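Below are the chains, spelled out letter by letter.
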Protein chains: 2
Amino acid sequence: MISEKTIGRLSAYRRLLNTLAETGETYIYSHQLGSLAGSTAAQVRRDLMVIGCNGSPARGYEVPVLIEAIGDFLDAPQGMGAAMVGSGRLGQAILEYFRGRRPKLSFSVAFDADESKTGRTIHGCPCHPLADLPRLIAEKEITVAVLAVPAREAQAACDALVRAGVRSVLNFAPVRLRVPKGIHVEDMDMTTALEKAAYFARVDESND
Amino acid sequence: MISEKTIGRLSAYRRLLNTLAETGETYIYSHQLGSLAGSTAAQVRRDLMVIGCNGSPARGYEVPVLIEAIGDFLDAPQGMGAAMVGSGRLGQAILEYFRGRRPKLSFSVAFDADESKTGRTIHGCPCHPLADLPRLIAEKEITVAVLAVPAREAQAACDALVRAGVRSVLNFAPVRLRVPKGIHVEDMDMTTALEKAAYFARVDESND
């Protein structure tokens, strides 16, 4: 089992490599990639060895080869459809942000409890009533979902997703979800992140 | 100096307490708040003691009192204006998400390199050319900023912010920023989070 941190770093490396490829870079040394990603050269080499990539001491790693190797490792070969649960302001922003961003990972269905949001397509993704969640998740064999519902609805929505077959949840609600063993939860709390940033802007100032 | 983790938990407690207050709850025990937030009762009591709150053994903590005490601790008394750097798809989504969400923390200015985005108001926030960043950040005495620019522009934008007086950055770009000592950086990488979630949805499945 590869560690969560390694997976996170491989994903970050790919985004950095994509940026380098756009500017026409063809080779990169582990210490250069490490410096961009905030890792050591040794860490980069270990992470890339996990996916079977070894650089040349003289020229480093070939950028397009690395991008493809990371894709082969991280992405589902046939592509993957994710579900968005909660299609309010945050859910819509996330749908918009990810639209067309990854060829092998996209949102194929969205849900909301509010009837004014269902029955239409939001940023390319059809939005259905929450009542249809169990059936649609199972039918479409969706295994990854993003939770962007209010805090008080998060646990119930998560339970419904797991019962329907979801194995991994990216949770934007400020709640610690309880899930059965083997189910992966990734927490992202944007409000807390901004409040922390704002707090340390003030505290550092007063320490001057 | 209070730890980052304590600040993050206090912010999360407040959001949970706001939810409870909406449903009319007036008292809460530390073990209840801990269970919602994924902390132990002892951890909750320690965190709340930091901000001078002690619950009653018989009734627990008074919800509105806690909400106010956390606000007095976390929020700038006169409110705080943040800057958004990068007003593309992600920046706009974040501006929309936070609009009106916090009375004492809001975006007062946005920047973009693209002239089609500047000179207008985006989700209530005036958007200016990047060239005006040094002057406006200094004039408005802004100390906290969100970076939502492409990876290759993130370090230069961060440098400009710090030179202009910013003390704390919430960074959405997949780059490890280099900052002088005393400057706070909070990283949020939504793409990596979704890719990690998708990977573990597949890997857990194959382990079945």
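Residues numbered from 1 in each chain as written. Chains lettered and ligands numbered in written order. Predicted model: local features only at pLDDT ≥ 70, side-chain atom pairs only at ≥ 80, totals over all residues. Heavy atoms only, no water.

A. The packing of aromatic side chains, seen in detail. On inspection of all chains with the given rule, the structure shows eight aromatic pairs over all chains. Look at Tyr 97 of chain A and Phe 98 of chain A: their rings are 5.0 Å apart centre to centre, the planes differ by 70°, and that puts the pair in the edge-to-face class. Geometrically, the ring pair formed by Phe 98 of chain A and Phe 107 of chain A is tilted, given 6.1 Å between the ring centres and 55° between the ring planes. Grouped by ring-pair contacts, the aromatic residues Phe 73 of chain A together with Tyr 199 and Phe 200 of chain B constitute a single cluster. Stacked on the ring of Tyr 97 of chain B, the Lys or Arg Arg 101 of chain B has its end atom at 3.9 Å from the ring centre. (Phe/Tyr/Trp six-rings, centres within 6.5 Å; stacked < 30°, edge-to-face > 60°. Lys NZ or Arg CZ within 6 Å of the ring centre and 35° of its normal.)

B. Molecular detail of the packing of helix H1 (residues 4-22) of chain A against helix H4 (residues 63-74) of chain A. Residues and elements named next belong to chain A. Orientation of H1 relative to H4, taken along the N-to-C sense of each, is 145°, at an axis distance of 9 Å. Read as a crossing pair, H1 and H4 show a hand that is left-handed. From H1, Ile 7, Leu 10, Ser 11, Tyr 13, Arg 14, Leu 17, Asn 18 and Ala 21 reach across to H4, where they touch Val 63, Leu 66, Ile 67, Ile 70, Gly 71, Phe 73 and Leu 74. (Axes fitted to C-alpha atoms, helices over the stretch in contact; angles between N-to-C directions. Helix = DSSP H or I, 4+ residues; strand = E, 2+ residues; numbered from the N terminus. Left-handed = near helix turned anticlockwise from the far one by under 90°. Contact = heavy atoms within 4.5 Å.)

C. Structural view of the side chain of Thr 118 of chain A. Here Thr 118 of chain A is to be found in the loop between strand S4 (105-112) and strand S5 (120-122). Residues in contact with Thr 118 of chain A, not counting those within four places in the same chain, are Asp 112, Cys 127, His 128 and Pro 129 of chain A.

D. Highlighting the interface of chain A and chain B. Contacts between the two partners involve 68 residues from chain A, matched on the other side by 68 residues from chain B. Carbon and sulfur atoms supply 63% of the area that chain A and chain B bury against each other, a total of about 6,800 Å² over both sides. Three residues stand out in chain A for area buried against chain B, namely Arg 89, Leu 194 and Glu 195 of chain A, and they jointly supply 11% of the buried area on that side. At the junction of chain A with chain B, the criterion picks out twelve salt bridges. Lys 196 of chain A is paired through a salt bridge with Glu 4 of chain B; the nearest N and O atoms lie 3.6 Å apart. The interface formed by chain A and chain B contains 27 residue pairs in polar contact (both at pLDDT 80 or more). Sorting elements by how many residues they give to the side of chain A that touches chain B places helix H8 (residues 190-206) of chain A first, with 16 residues. Looking at the side of chain A that touches chain B residue by residue, the classes come out as 35 nonpolar, twelve polar and 21 charged. (Buried area = accessible area lost by both parts, 1.4 Å probe. Salt bridge = Lys/Arg side-chain N within 4 Å of Asp/Glu carboxyl O. Polar contact = N/O pair within 3.5 Å; in protein donor to acceptor, adjacent residues only side chain to side chain. Nonpolar A, V, L, I, M, F, W, Y, C, P; charged D, E, K, R; others polar.)

E. Looking closely at the environment of His 31 of chain B. Structurally, His 31 of chain B is set in helix H2 (residues 30-37). Separated by 42 residues in the primary sequence, His 31 of chain B and Phe 73 of chain B have C-alpha atoms spaced 22 Å apart.

F. Quick look at the environment of Ile 122 of chain B. Residues and elements named next belong to chain B. Topologically, Ile 122 is positioned in strand S5 (residues 120-122). C-alpha separation for the pair Ile 122 and Arg 15, spaced 107 residues apart in sequence, amounts to 26 Å. Dropping the residues within four chain positions of it, Ile 122 is found in contact with Ser 87, Gln 92, Leu 95, Lys 117 and Cys 127.

G. Seen up close, the domain arrangement of chain A. Each domain of chain A was delimited in the assignment, giving domain 1 (4-74) and domain 2 (80-192). Using only C-alpha atoms to locate each centre, domain 1 of chain A and domain 2 of chain A end up separated by 30 Å. (Domains from an automatic or database assignment.)

H. How the structure looks around the confidence of the model for chain A. For chain A, the mean per-residue pLDDT works out to 92, and 98% of the residues sit at or above 70. Here H8 of chain A is the element of chain A with the lowest mean pLDDT, 85, and strand S7 (residues 144-147) of chain A is the one with the highest, 98. (pLDDT = per-residue confidence, 0-100.)

I. Region of interest: the state of the cysteines. Residue and element names in this part refer to chain A. Enumeration according to the criterion identifies zero disulfides over all chains in this entry. Note on Cys 125: no disulfide assigned, nearest cysteine sulfur contributed by Cys 127 at a separation of 7.6 Å. Lacking any disulfide linkage, Cys 158 is separated from the closest cysteine sulfur, that of Cys 127, by 19 Å. For Cys 158, a relative accessible area of 0% translates into the label buried. (Disulfide = S-S within 2.5 Å. Buried < 20%, exposed > 50% of the residue type's maximum accessible area, 1.4 Å probe, protein only.)

J. Seen up close, the UniProt feature "domain: CoA-binding" (unreviewed entry) in chain A. The UniProt record annotates "domain: CoA-binding" (unreviewed entry) at residues 73-176 of chain A. As annotated, residues 73-176 of chain A has a helix share of 32% and a strand share of 29%, and its two end C-alpha atoms lie 29 Å apart. (UniProt positions renumbered as here; feature names shortened; annotations may be inferred.)

K. Main features of the pattern of salt bridges. The final tally for this structure, using the stated rule, is 20 salt bridges over all chains. With a shortest N-O distance of 3.2 Å, Glu 186 of chain A and Lys 196 of chain B are connected by a salt bridge. Taken together, the residues span two chains, with Glu 186 of chain A in strand S9 (residues 184-187) and Lys 196 of chain B in helix H8 (residues 190-206). An identical accessibility class is assigned to Glu 186 of chain A and Lys 196 of chain B; each is buried.

L. A look at the sheet that holds S4 of chain A. Residue and element names in this part refer to chain A. Strand order across the open sheet formed by seven strands is S5-S6-S4-S3-S7-S8-S9, with mixed pairing between neighbours. Two strands lie at the open edges of the sheet, namely S5 and S9, each paired on one side alone. This sheet shows a mean twist of 30° between the axes of neighbouring strands, independent of strand direction. In this sheet, S4 lies alongside strand S3 (residues 80-85) in parallel orientation, the contact comprising six bridges. Residue Met 84 lies in a different strand from S4, and its bridge partner there is Ala 110. With respect to the sheet, helix H7 (residues 151-164) is in contact with S3 and S7, its orientation differing from that of S7 by roughly 170°. (Pairing = 2+ DSSP bridges.)

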